[in-house]
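This is what each chain is made of:
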Amino acid sequence: MLDGLIASDGIAIGQALILNEVLRVPDYSIRTADVKLELLKFDAALAIARDQLVDLKDRNKNHEKTCKILESQLLMLVDPLFVSEVIQKLRSEKRNVERVVSDVIAEFSRSFRSMDNDYLKERAVDVQDVGQRILRNLLGQEIQSLESIPNDTVLVCHVLTPSDMARLDTSKLAGICCEEGGINGHAAILARALMIPALMGVEGITEQVKNGDRLILDCINGKLRLDPSEEDIEEFQELQQQLLFSIEERQESVSGDAVSVDGVELTLRANISVPAEIAGMKTFGAEGVGLYRTEYLFLKSNSLPPPEEQLAAYKKVASGCAPFPATIRTLDIGGDKDLPYLGIPSEANPAMGDRSIRYCLQNQDVFRTQLRAILQASTEGSLRILYPMITVPEELTQANQILDEVKQELSRDGVPFDADIPIGAMIEVPSAALTVDLLAPQVDFLSIGTNDLMQFTLAVDRSNQRLSSRFDFANVALARLIRNVVDQGAQAGIDVSCCGEMAGTPIGFLMLLGLGIRDFSMNLFSVPRIKQMINRIEVAEVERVVNDALSRSTSEQIRNKLDQYLQHALSPE
Ligand code: PEP
Ligand code: MG
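Residues numbered from 1 in each chain as written. Chains lettered and ligands numbered in written order. Predicted model: local features only at pLDDT ≥ 70, side-chain atom pairs only at ≥ 80, totals over all residues. Heavy atoms only, no water.

Remarks on a negative patch on the surface
Put simply, the rule reads: For patch building, the residue pool is restricted to those with more than 30% relative accessible area and no salt bridge; the joining distance is 9 Å between like charges and 5 Å between nonpolar side chains (Val, Leu, Ile, Met, Phe, Trp, Tyr). Each accessible area is a Shrake-Rupley estimate made with a 1.4 Å probe; only the visible protein chains count as cover when residues are assessed. When a carboxyl oxygen of Asp or Glu is within 4 Å of a side-chain nitrogen of Lys or Arg, the pair counts as a salt bridge. In this tally, Asp and Glu contribute negative charge and Lys and Arg positive charge; neither His nor the terminal groups of the chain are included. By convention, the point assigned to a charge is CZ for Arg, NZ for Lys, CD for Glu and CG for Asp. In this scheme, a residue with accessible area under 20% of its type's maximum is buried, one over 50% is exposed, and one in between is partly exposed, where area comes from a 1.4 Å probe on protein chains only.
Taken together, the side chains of E230, E231, E234, E235 and E238 present a region of like negative charge at the surface. Judged by its relative accessible area of 47%, E235 falls in the partly exposed class.

Spelled out as structure tokens, the structure:
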């Protein structure tokens, strides 16, 4: 039995499938005398890639389109520009061949992407694909297909990236078990959204489990059972049934409103990652979507999703949500949501790197296409646009300027859209939380993203499971920042809501409520649980407890106070 952190609750019984490790490209300097050896390694990797591609082409000879792609990839292996660039860089930079190849691939795909011609732009994906193949050959790693996995698969891996998640057929996935990764990382968020039981931080799992091993993933108690007996399996199957039952009961009992004992009406919305989740919105009693993480649309394919695909997704969300509003967040890529085909060079600190709104303001074609699709979809319902990771007011000015230009284009083209579509900024870095008065004049609403706000305020990597206990919602500094946002938002006369995972946990929710938030967005699964709680608590009392807690110095003291209140409020009279 191994221990882990529960990232998404539930029970999974199934067969292990070990996911290849994400490519980690080593980086070291070499001696002049070793350049020749590195060149030989490069030659060998190219030759293996050639054989693999010829074999693939053979197996796909009935698919004309696939053959064409493979042919062009074969040509790339002998492209003199590519080959000579690697050789020349190896000689001049004297770094190991894997590092050099990885850098050259990033440069090439970036230059393809910046071309005007659409055909050439698309070649960036092929460059990435061939590049990964050469790198895997250099590192001696097999390429694993994730498209067709057996039913009841329990995915076992070192780290699970959001793009791995996007490539998986999640309908076949019973559970996820990772050696690394925090419960607030994006893979964990997606697992919760898809209701796939997941455990993170299970040390030694990739060494102890083999492909096909029977596993029980107990994400109620945070345990992974290796080699379970038939009795274990029966016992857990029963528990699985009971859990399903309690979810149904929960859903039935919360079809009512989110009103507290002292009559305060609250709004609970859903955080979604894929449009299909809209179906669950009504079942779980959420009033619209407070956060649609559009990046999954970008993560699930090997190239930028075409405008029509984006439009279809946004329309689906807008119409599926109506009459409630849906908040569409513009591309929040980077950090732990890497999109290899964008060719962003590797960064030492991706969480603070060229990401999110920064990337969109630099790569305006991507941003404009997305804004255009959102605006076009806005006639299907009530949409709102949310910019992620705003750090300074200038970013809002620039983003709004681009939005205005896109609106003008649409008007010129005679395409209808909601001209008054509300615009919001995410407050997820301390600089934004401290300058709400300067940001507010440029937006209609603010949405606090506590996952990142906490990461940046406490300097705690949200994906690092060793620091999970420091990722603490009952923190005074975080609470003071949130209070500042609520107060300054009220002074500016604009709505402030919260869409971080904090809203979906009992203590986090109480903190936010006590700090003055009335509009919450959370993973669907949490909506009924939180609604049930709301029906039993008094907002005035929670405010009193939180205010009192704010003068206490430790999280433990704050947590104890809130726990005590919760126990008292939830105990049967
Ligand atoms: C947040 O940071 O709190 C947030 C909601 O955005 P994401 O989790 O997608 O970074
Ligand atoms: Mg965020």
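Section: the nonpolar core
Inclusion rule: Remark: nonpolar core denotes a set of buried residues (Ala, Val, Leu, Ile, Met, Phe, Trp, Tyr, Cys) joined through side-chain atoms within 4.5 Å. By definition, residues are in contact when any of their heavy atoms lie within 4.5 Å.
Formed by 132 residues in total, the largest nonpolar core has its most connected members in Y314, Y387, F509 and F520. Among residues more than four places away in sequence, those in contact with Y314 are Y292, T294, L297, F298, I328, Q370, A373, I374 and A377. One finds A49, V86, V101 and L138 within the second-largest nonpolar core, a separate group that totals 29 residues.

Structural notes on the domain arrangement of the protein
Selection rule: Domain borders in the structure are assigned automatically or taken from a domain database.
Segmentation of the protein into domains returns domain 1 (2-19 + 145-231), domain 2 (32-139) and domain 3 (252-570). For domain 1 versus domain 2, the separation of C-alpha centres amounts to 33 Å.

Thoughts on the packing of aromatic side chains
Threshold: Any two of the Phe, Tyr and Trp rings considered here, Trp counted by its six-membered ring, make a pair once their centres fall within 6.5 Å; the pair's planes then place it as stacked at under 30 degrees, edge-to-face at over 60, or tilted in between. Elements are defined by DSSP. Helices are runs of H or I of four residues or more, strands are runs of E of two residues or more, and each kind is numbered from the N terminus.
A complete count under the given rule lists 5 aromatic pairs for this structure. Here F367 and Y387 contribute two aromatic rings whose centre-to-centre distance is 6.3 Å and whose plane-to-plane angle is 55°, an arrangement assigned as tilted. With F367 in helix α14 (residues 364-377) and Y387 in strand β12 (residues 382-387), the pair connects residues that are 20 residues apart, well separated along the chain. Take F367: its relative accessible area is 0%, and that puts it in the buried class.

Digging into the pattern of salt bridges
Applying the stated criterion across every chain yields a total of 26 salt bridges. Residue E295 pairs with K337 through a salt bridge whose shortest N-O separation is 2.9 Å. Placement of the pair is E295 in helix α11 (residues 295-299) and K337 in the loop between β11 (325-329) and α13 (356-362), with a sequence separation of 42 residues. For the pair shown, E295 and K337 are each scored as buried. Notably, a salt bridge pairs R544 with E541, separated by 3.0 Å at the nearest N-O pair. Of the two residues, R544 and E541 both sit in helix α22 (residues 539-549), 3 residues apart, roughly one turn of that helix. Look at R544 and you get partly exposed, because its relative accessible area is 49%. Where salt bridges share partners, they join E295, R329, D332, K337 and R355 into one cluster.

Digging into the coordination of the magnesium ion (ligand 2)
Note on metal sites: the ideal angle is 109.5 degrees for four tetrahedral donors, and 90 or 180 degrees for six octahedral donors. The condition is simple: Water is absent from the atoms considered, so a metal site may look incomplete; donors are defined as N, O and S atoms within 2.8 Å of the metal, or 3.2 Å for Na, K and Ca.
Around the magnesium ion (ligand 2), the protein contributes the donor atoms E428 (OE) and D452 (OD), at 2.0 to 2.1 Å from the metal centre. Of the two residues, E428 sits in the loop between β13 (423-427) and α16 (430-433) while D452 sits in helix α18 (residues 450-458), which places them 24 residues apart along the sequence. Like D452, E428 is buried.

Comments concerning helix α3 (residues 80-93)
Heads up, the condition is: Every helix has an expected span of 1.5 Å times one less than the residues it contains. Each C-beta atom gives one direction from the helix axis, and the arc is the one those directions make. Nitrogen and oxygen atoms within 3.5 Å of one another constitute a polar contact, given that in protein one can donate a hydrogen and the other can accept it, and given that sequence-neighbouring residues count only through two side-chain atoms.
Here α3 contains 14 residues, and its C-alpha end-to-end distance of 19 Å stays within 8% of the 20 Å for a straight helix at 1.5 Å per residue. Regarding α3, the residues found buried are F82, V83, V86, K89 and L90. The arc that holds every buried residue of α3, seen down its axis, measures 135°, which confines them to one face. In this structure, α3 carries P80 and L81 as exposed residues pointing more than 90 degrees from its buried face. Between the side-chain oxygen at the start of α3 and the backbone nitrogen of L81 there is a gap of 3.0 Å, and the oxygen is on D79. Backbone geometry just downstream of α3 places K94 in the positive-phi region, at approximately 50°.

With respect to the sheet that holds strand β4 (residues 153-157)
Here is the rule we go by: Strand pairing requires that DSSP identify at least two bridges connecting the strands. For helices, the fitted axis covers only the stretch in contact; all axes are lines through C-alpha atoms, and the angles between them, taken along N-to-C directions, range from 0 to 180 degrees.
The 8 strands are arranged β1-β8-β7-β3-β4-β5-β6-β2 in an open sheet whose pairing can be described as mixed. Single-partner strands in this sheet number two, and they are β1 (2-3) and β2 (5-8). Two strands pair when backbone bridges link them, and β1 and strand β8 (residues 223-226) are joined in this way by 2 bridges, in the antiparallel orientation. Across the sheet, residue D3 finds its bridge partner in β8, namely K223. Its contacts with the sheet place helix α7 (residues 186-193) against β2, β5 (173-178) and β6 (198-200), and it is angled at close to 55° to β2.

Some thoughts on the side chain of K89
You can see K89 is positioned in helix α3. Every residue in contact with K89, bar those within four places of it in the chain, is listed here: K94, V100, V104 and E107.

Some details on the packing of helix α20 (residues 506-514) against α22
Using the following cut-off: When an angle is under 35 degrees it counts as roughly parallel; over 145 it counts as roughly antiparallel; between 65 and 115 it counts as roughly perpendicular; any other value is oblique.
At a minimum axis separation of 8 Å, α20 and α22 run at an interaxial angle of 95°. Comparing the axis directions of α20 and α22 gives the class roughly perpendicular. Where α20 abuts α22, its residues L510, M511, L513 and G514 lie against V539, V542, E543 and V546.

Observations concerning the site of ligand 1
The test is simple: Think of it this way: one heavy atom of a residue within 4 Å of a molecule or strand is enough to make that residue near it. Gly is placed with the polar residues, together with every amino acid not listed as nonpolar (Ala, Val, Leu, Ile, Met, Phe, Trp, Tyr, Cys and Pro) or charged (Asp, Glu, Lys and Arg).
Taken together, 16 residues lie around ligand 1, and R293, R329, G449, N451 and R462 are the ones closest in. At 2.7 Å from an oxygen atom of ligand 1 is found a side-chain nitrogen or oxygen belonging to R293. In the environment of ligand 1, an oxygen atom lies 2.7 Å from a nitrogen or oxygen atom belonging to the backbone of N451. For ligand 1, the accessible surface in isolation is 290 Å², of which the surrounding protein chains cover 100%. Of all the secondary structure elements, the ones that give two or more residues to the shell around ligand 1 are α7, β10 (289-293) and α18. Considering each element in turn, the shell around ligand 1 owes the most residues, 3 residues, to α18. Residues of the shell around ligand 1, tallied by class, amount to 4 nonpolar, 5 polar and 7 charged.

Digging into the side chain of R384
With respect to the element layout, R384 can be found in strand β12. Salt bridges are absent for the buried R384, whose nearest opposite-charge side chain, D495, sits at 5.2 Å. A polar side-chain atom of R384 sits 3.1 Å from a polar atom in the side chain of T327.

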